[in-house]
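In case you want the letters, here they are:
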Amino acid sequence: IPVKTKELGREKAIAKAIYFAEKAIQIDPNLSIAYVVRAVMGQWDVDSRKDMKSNFEKALNLDSKNVDALFNYSDWKLWSEGDFQGALELAKKAVEFDPQHSAAKQILAKAYRYLGRYDEALKWADKALDEYKDGWAFIRKGQILYFKGDYDSAISVFNDGLAIYPQGRQLRTWLAACYVEKK
């Protein structure tokens, strides 16, 4: 989507992703990943939002070890349902099925953070960041430190992220929030 957004424009890119997911389901109604794509499109498409839960559940019914379904559904449970414990269980399964999946580790860290279990959250955020230094990995770790009240460490993490991703808008936003908290 990010690449296609630049080429096509946001609305056309989203419509194209939804079209391909629908087409894949027509060709093979048992293709788990197509339901994941359809569910994830709900983040960007209001019309798709109402079916996100059923699409995630369909994906997992077809393939209970679908790591993409597990970690995306976990993230959805955090921000949509507020089901922190359910999100934690899904994220744990995702990491169990694919111990090398950085995004799954990030969501596991996020689930622990939502539960206020900061030390466990930091452990998983560090594992994700050690494997793959993407902007979200820095954001996840910095957020944990921020909510833990360790603003100096969070500032360091956000600055490390900005050294690699100088255009990181969310990194800058969280960095500013740390400075506000420190007054």
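Residues numbered from 1 in each chain as written. Predicted model: local features only at pLDDT ≥ 70, side-chain atom pairs only at ≥ 80, totals over all residues. Heavy atoms only, no water.

Engineer: Is there a simple way to think about the packing of aromatic side chains in this case?
Structural biologist: The geometry of an aromatic ring pair comes down to the distance between the two centres and the angle between the two planes. Here the structure, examined in full by the defined rule, presents 10 aromatic pairs. Between Tyr146 and Phe147, the ring centres sit 5.2 Å apart and the planes meet at 90°, which makes this aromatic pair edge-to-face. Take Phe147: its relative accessible area is 38%, and that puts it in the partly exposed class. Taking 5.2 Å as the distance between ring centres and 75° as the angle between the ring planes, the aromatic pair formed by Tyr146 and Trp174 counts as edge-to-face. Of this pair, Tyr146 sits in helix H10 (residues 135–148) while Trp174 sits in helix H12 (residues 169–182), placing them 28 residues apart in sequence. (Phe/Tyr/Trp six-rings, centres within 6.5 Å; stacked < 30°, edge-to-face > 60°. Buried < 20%, exposed > 50% of the residue type's maximum accessible area, 1.4 Å probe, protein only. Helix = DSSP H or I, 4+ residues; strand = E, 2+ residues; numbered from the N terminus.)

Engineer: Help me out: how do you make sense of helix H7 (residues 84–97) in this one?
Structural biologist: Note: α-helices contain 3.6 residues per turn, so residues at a spacing of three or four share the same orientation. Relative to the 20 Å expected for 14 residues at 1.5 Å per residue, H7 spans 20 Å between its end C-alpha atoms, a close match to the ideal helical length. Of the positions making up H7, those classed as buried are Gly86, Ala87, Leu88, Leu90, Ala91, Ala94 and Val95. Tucked into the core, H7 has its buried residues touching helix H5 (52–62), helix H6 (67–81), helix H8 (102–114) and helix H9 (118–131). (Expected span 1.5 Å × (residues − 1). Contact = heavy atoms within 4.5 Å.)

Engineer: Would you take a moment to explain the pattern of salt bridges for this structure?
Structural biologist: Working definition: two side chains of opposite charge can pair if their charged atoms are close together. Tallied over the entire structure, the rule returns 10 salt bridges. Put simply, Arg38 and Glu22 hold a salt bridge, and the shortest N to O gap is 3.1 Å. Of this pair, Arg38 sits in helix H3 (residues 32–40) while Glu22 is found in helix H2 (residues 10–27), placing the two residues 16 residues apart along the sequence. The shortest N-O distance in the salt bridge between Lys77 and Glu81 comes to 3.0 Å. With Lys77 and Glu81 both in helix H6, this residue pair falls four residues apart, about one helical turn. Lys77 sits in the buried class, given a relative accessible area of 10%. Each member of the salt-bridge network shares a partner with another, and the members are Lys53, Lys77, Glu81 and Asp83. (Salt bridge = Lys/Arg side-chain N within 4 Å of Asp/Glu carboxyl O.)

Engineer: Explain the packing of H3 against H6 here, please?
Structural biologist: One way to put it is that H3 packs onto H6 with a least axis distance of 9 Å and a crossing angle of 25°. Considering the angle they form, H3 stands roughly parallel to H6. The handedness of the crossing between H3 and H6 comes out as left-handed. Contact residues: H3 offers Ile33, Val36 and Val40, while H6 offers Asp68, Ala69 and Asn72. (Axes fitted to C-alpha atoms, helices over the stretch in contact; angles between N-to-C directions. Parallel < 35°, antiparallel > 145°, perpendicular 65-115°, else oblique. Left-handed = near helix turned anticlockwise from the far one by under 90°.)

Engineer: Could you clarify how one ought to interpret the environment of Tyr165 in this entry?
Structural biologist: One can find Tyr165 in the loop between helix H11 (151–164) and H12. Overall, Tyr165 belongs to the partly exposed group, its relative accessible area being 31%. Along the backbone, Tyr165 and Tyr73 are 92 residues apart, and their C-alpha atoms lie at a distance of 27 Å. Other than its neighbours up to four places away in sequence, Tyr165 contacts Lys133, Asp134, Gly135, Phe138 and Leu171. Separated by 2.7 Å, the side chain of Tyr165 and the backbone oxygen of Lys133 make a polar contact. (Polar contact = N/O pair within 3.5 Å; in protein donor to acceptor, adjacent residues only side chain to side chain.)

Engineer: Looking at this model, I keep getting lost on the layout of surface pockets. Mind explaining?
Structural biologist: Take a probe with the size of a water molecule and roll it over the atoms, and the empty space left behind shows itself. Here the second largest pocket defines a volume of roughly 250 Å³. What lines the second largest pocket is simply Asp134, Gly135, Trp136, Ile139, Tyr165, Gln167, Gly168, Arg169, Gln170 and Leu171. Residues that form the lining of the second largest pocket fall into these classes: four nonpolar, four polar and two charged. (1 Å grid on protein atoms, 1.4 Å probe; cavity = no way out; pocket = protein on both sides within 12 Å on 5 of 7 lines; lining within 4 Å. Points joined across faces, edges and corners; volume = space filled by probe spheres on them. Nonpolar A, V, L, I, M, F, W, Y, C, P; charged D, E, K, R; others polar.)

Engineer: Is there a simple way to explain the nonpolar core in this structure?
Structural biologist: A general feature of soluble globular proteins is that nonpolar side chains tend to end up buried together. In this structure, Phe56, Leu108 and Phe158 are the most contacted members of the largest nonpolar core, which totals 54 residues. Excluding residues within four positions of it along the chain, Phe158 makes contact with Phe138, Ile139, Gly142, Gln143, Leu171, Trp174, Leu175 and Cys178. (Core = buried A, V, L, I, M, F, W, Y, C linked by side-chain atoms within 4.5 Å.)

Engineer: How should H9 be read in this particular structure?
Structural biologist: Compared with an ideal rise of 1.5 Å per residue, which puts 14 residues at 20 Å, H9 spans 20 Å between its outermost C-alpha atoms and is within 8% of the ideal. For H9, the set of buried residues is Ala121, Leu122, Trp124, Ala125, Ala128 and Leu129. Buried residues along H9 sit in contact with H7, H8 and H10.

Engineer: What exactly am I supposed to notice about the side chain of Asp134 here?
Structural biologist: By the element assignment, Asp134 lies in the loop between H9 and H10. Although Asp134 is buried, it forms no salt bridge, and the closest oppositely charged side chain is Arg140 at an N-O distance of 7.9 Å. In this structure the side chain of Asp134 is engaged in a polar contact, spanning 3.2 Å, whose partner is the side chain of Gln106. If sequence neighbours within four positions are ignored, Asp134 has contacts with Gln106 and Tyr165. (Lys, Arg positive; Asp, Glu negative; His and termini not counted.)

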